[in-house]
Amino acid sequence: LAAEAYDAASAEAAVAVEALEASATVDAAAARTCVATVSTLLTNAETKPEAKFRKVRLANKAIQDRVLAVEGGLEVLCAAGFQLAEDGAETVLVLSDDFDRPRLRAAADALGAAKARL
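This one's a predicted model, so the numbers in the text were calculated from it and none came from an experiment. (Residues numbered from 1 in each chain as written. Predicted model: local features only at pLDDT ≥ 70, side-chain atom pairs only at ≥ 80, totals over all residues. Heavy atoms only, no water.)

Caption draft 1: Main features of the layout of surface pockets. Taken as a whole, the largest pocket spans an internal volume of roughly 230 Å³. Looking at the largest pocket, it is lined by 13 residues, and the ones nearest its centre are Leu 41, Asn 44, Lys 55, Val 56 and Ile 63. Elements supplying a minimum of two residues to the lining of the largest pocket: helix H2 (28-47), strand E1 (55-57) and helix H3 (61-68). Looking at which element gives the most residues to the lining of the largest pocket, the answer is H2, with four residues. Taken together, the residues that form the lining of the largest pocket break down as five nonpolar, four polar and four charged. (1 Å grid on protein atoms, 1.4 Å probe; cavity = no way out; pocket = protein on both sides within 12 Å on 5 of 7 lines; lining within 4 Å. Points joined across faces, edges and corners; volume = space filled by probe spheres on them. Helix = DSSP H or I, 4+ residues; strand = E, 2+ residues; numbered from the N terminus. Nonpolar A, V, L, I, M, F, W, Y, C, P; charged D, E, K, R; others polar.)

See the structure below:
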């Protein structure tokens, strides 16, 4: 069952990563920075138990510049299982405590493959 979940998530992640890679034709450096930043976010969410590593503040300037400004950046996070939510007056992406590990891993693997191609 985990393999099926991984395969389904891989297809979704592939679409998001393709958009990110396509943006590299416009700004390769921005695409590489996005891949590195999202990879770090996913690794931290997967390996660190603290809830702060499963929340991304969309108002954060670094996130806006490095992830949101690149087509596919937000989509990769959503493909990994992050969901838009409101935290007070702020919009955030949140990965639930019981997140789908195969889904996150599939997105991280797709990013790793994209990193090698960029």
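Caption draft 2: Structural view of the pairing of strand E2 (residues 83-87). Counted residue by residue, E2 has zero buried out of five residues, so it is predominantly exposed. In this structure, E2 lies alongside strand E3 (residues 90-94), joined through five bridges in antiparallel fashion. Across the sheet, the residue bridging to Ala 85 is Val 92, located in E3. Linking E2 back to E3 in an antiparallel pair, the connection comprises two residues, with Gly 88 at a positive phi of about 70°. (Buried < 20%, exposed > 50% of the residue type's maximum accessible area, 1.4 Å probe, protein only. Pairing = 2+ DSSP bridges.)

Caption draft 3: Representation of the pairing of E3 within the structure. Looking at chain direction, E1 and E3 are connected through three bridges and run antiparallel. Looking across to E3, one finds that Arg 57 is bridged to Val 92.

Caption draft 4: Structural detail: the sheet that holds E1. Spatially, the three strands line up as an open sheet ordered E1-E3-E2, and their pairing is antiparallel. In the strand order of this sheet, the two ends are held by E1 and E2, each with one partner. Between one strand axis and the next, the sheet turns by 35° as a mean value, whatever way the strands run. (Axes fitted to C-alpha atoms, helices over the stretch in contact; angles between N-to-C directions.)

Caption draft 5: Fine view of the environment of Arg 117. Here Arg 117 shows up in helix H5 (residues 101-117). With relative accessibility at 53%, the residue Arg 117 sits in the exposed group. Sequence-wise, Arg 117 and Ala 8 are 109 residues apart; in three dimensions their C-alpha atoms are separated by 22 Å. Setting aside its immediate chain neighbours within four residues, Arg 117 contacts Val 17 and Glu 21. (Contact = heavy atoms within 4.5 Å.)

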